[in-house]
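Examination of the molecular architecture
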Amino acid sequence: MENIIEVKNLEKIFSNQKAIESVDFQVRRGEIFGFLGPSGSGKTTTIKILTGQLVPTGGEALVFGESVSKLKQPAYRKRFGVLTDNSGLYGRLSIYDNLKLYCDLYDVPYAKIGEVLAAVNLQEDEKKRISTLSKGMTQRVTLARALLHEPELLFLDEPTSALDPVNTLHIYEGLRALNKKGTTIFLTTHDMQEAETLCDRVAFLNKGRIQLLDAPGKLKKRFSDSTITVELKSEEKIILPAGAEGAQQLYDYMQANEVETIHSNEPTLGDIFVQVTGRKLA
Amino acid sequence: MTFSWKRVNAIFMKDYKDFSRNFAVSIVIFLSPVLAAIYGRIGVTAIESHYMLINLTFAMVAAFVQSCLIAEEKEKNTLRGLMLSPASTTEILTGKSLLSLVLTLFTILLSMFLAEYKPANIAVVAIAILLSALFYIALGTLLGLFAKSVMEASVIVLPVMVIFSFGTFITSLAEQYPILKAATYLPNIQLLEIGIKVEAGAGFGDVWLQLAVIAAWVVVMFMLTAVVYRKRMVD
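Here the structure is a predicted model, which means the values were calculated and not measured.

Rules of the game
Residues numbered from 1 in each chain as written. Chains lettered and ligands numbered in written order. Predicted model: local features only at pLDDT ≥ 70, side-chain atom pairs only at ≥ 80, totals over all residues. Axes fitted to C-alpha atoms, helices over the stretch in contact; angles between N-to-C directions. Helix = DSSP H or I, 4+ residues; strand = E, 2+ residues; numbered from the N terminus. Left-handed = near helix turned anticlockwise from the far one by under 90°. Contact = placed C-beta atoms within 7 Å. Nonpolar A, V, L, I, M, F, W, Y, C, P; charged D, E, K, R; others polar. Domains from an automatic or database assignment. Parallel < 35°, antiparallel > 145°, perpendicular 65-115°, else oblique. Pairing = 2+ DSSP bridges. Buried ≥ 20, exposed ≤ 12 C-beta atoms within 10 Å, placed from the backbone.

Further remarks concern the packing of helix H1 (residues 5-20) of chain B against helix H6 (residues 89-114) of chain B. In helix packing, the relevant descriptors are the interaxial angle and the interaxial distance, both defined with respect to the helix axes. Residues and elements named next belong to chain B. Contact geometry for H1 and H6: axes closest at 8 Å, N-to-C directions at 40°. Between H1 and H6 lies a crossing of right-handed hand. Residues Arg 7, Val 8, Ile 11, Phe 12, Asp 15, Tyr 16 and Phe 19 of H1 lie in contact with H6, whose contacting residues are Glu 91, Ile 92, Thr 94, Gly 95, Lys 96, Leu 98 and Leu 99. When its residues are assigned to classes, the contact of H1 with H6 shows 8 nonpolar, 2 polar and 4 charged.

Tallying the contact residues gives 23 residues for chain A and 22 residues for chain B. Only helix H2 (74-77) and helix H3 (95-106) of chain A provide two or more residues apiece to the side of chain A that touches chain B. Here the element with the most residues in the side of chain A that touches chain B is H3(A); it accounts for 6 residues. Grouping the amino acids of the side of chain A that touches chain B by side-chain chemistry returns 11 nonpolar, 5 polar and 7 charged.

Moving on, we come to the domain arrangement of chain A. Here chain A is partitioned into domain 1 (3-220) and domain 2 (225-265). In this structure, domain 1 of chain A and domain 2 of chain A have C-alpha centres spaced 43 Å apart.

Okay, the packing of helix H3 (residues 31-42) of chain B against helix H4 (residues 47-75) of chain B next. Residues and elements named next belong to chain B. At their nearest, the axes of H3 and H4 sit 9 Å apart, and the two run at 170° to each other. Regarding the angle of H3 to H4, the classification is roughly antiparallel. Note on packing geometry: the crossing formed by H3 with H4 is right-handed. Note on element contacts: H4 touches H3 through Ser 49, Leu 53, Leu 56, Thr 57 and Met 60, opposite Leu 31, Ser 32, Leu 35, Ala 36 and Tyr 39. Broken down by class, the residue content of the contact of H3 with H4 amounts to 7 nonpolar, 3 polar and no charged.

We now examine the sheet that holds strand E7 (residues 153-157) of chain A. All names here are of chain A. One open sheet accounts for 6 strands, arranged E6-E7-E8-E3-E9-E10; its pairing is mixed. Looking at the sheet topology across the chains shown, the edges are occupied by strand E6 (80-83) and strand E10 (209-214). Averaged over all pairs of adjacent strands, the angle between their axes in this sheet comes to 15°, without regard to strand direction. Bridge count between E6 and E7: 4 bridges; the pairing is parallel. Looking across to E7, one finds that Val 82 is bridged to Phe 155. Together, E6 and E7 form the strand contacts of helix H5 (residues 135-147), whose direction differs from that of E6 by roughly 175°.

Residues and elements named next belong to chain B. Mapped onto the fold, Phe 222 is located in helix H11 (residues 204-233). For Phe 222, a count of 18 C-beta atoms within 10 Å corresponds to the partly exposed category. Between the C-alpha atoms of Phe 222 and Thr 141, which are 81 residues apart in sequence, the distance is 9.3 Å.

What follows is the structure in structure tokens.
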């Protein structure tokens, strides 16, 4: 599959402090790629380099097969979208007027405004001024703006950090629909559940380096201790090996009608992150 | 990529709507017409007074408003959104300058009417004013790019208002202190010279040097602004 992003030995130094070093990864066209790491791990620095907002100190970053320095050219900017933690919306203007500006800049028909507002559950609020919106609503407008021109590649920096569960699910549906249409999504998040729900592959970034990169399912299998937990009706919890020996014991408990619940002991992505990096995601 | 008037107009219309709701900044456009109305009432006729008013409008509307428009885009992170869009540097800077240009020219025309100033050669004065407006807008853009917030822009622009609004003081000071002779090449002094010469019956041929000096200031300021803007595109 074609790579839409290729990063080799990427390095960025700010005032003698390495923000990222020796970062290597590829993002395949059409996938949702999760870039996970705690605050200060270099996620935003990487997004800024990949969108041409920062010049790397060393290494190579290719987007659409071209060096990121080319992203400064207006023709390339039409091909990607960015949602960052800074809303970048005009507070004195309405939601509609904010999106109308970006329709004109990206040469998108105004009819698209209703479509993206429906995708973020704001179709009834288009006349409201940005300055009157809650943080969650503002976040949704920012996302709507990023979706407006259906970019080939969408960078999302913590897209659901300020949202309630209902709107988060709504956003997930919108992102999946966009991904099905062919948009590759590069997502940074602290939320491990979000990464598991949305991402085809995830990379763990810690102290400026990638520690692990794979599909969430494969990582969970790789770090699983191959045991199952059986909760008995007596409220006793028993950990059994997943092999033949465990199967026999489980069979015995089931025959005796003692089993209340059975759980496989797969680690969460959060558990794996802590195991690999020794740090919690926060 | 070709220049798109659609993108320029979109930025202009956005600025117009935003500015019309930003009373803290938009109120400055009334200062010059109010002073001009007073001039008209008390019968001020000195050419220096008319050009002080015109230069004040340049400082207050072209430079101050423009610096605030740019600084606010930076402060609210909206300039980054424009920079990441397909709009080119030229389209963004043209779009961002158009509102200040329209407001400056409208305010000057209104002020001239209220102060009852009728130039002897309208064409020469119109070109001099247009060139000067471009210089002050580029200066305002530059100051806005250096400022981190609207508040900071309002402070940075103060020396500009003092230096460029009161040109006649600089001229008289330059007579006393030769070191200030270079200051007589400032665009506000050149504009005043054009105004005085035009009243004495001068045409294009007599003021080409002053027009060329102002044009040179415009070119230098535009180049400087473009360089700083491109540097601001990357963190």
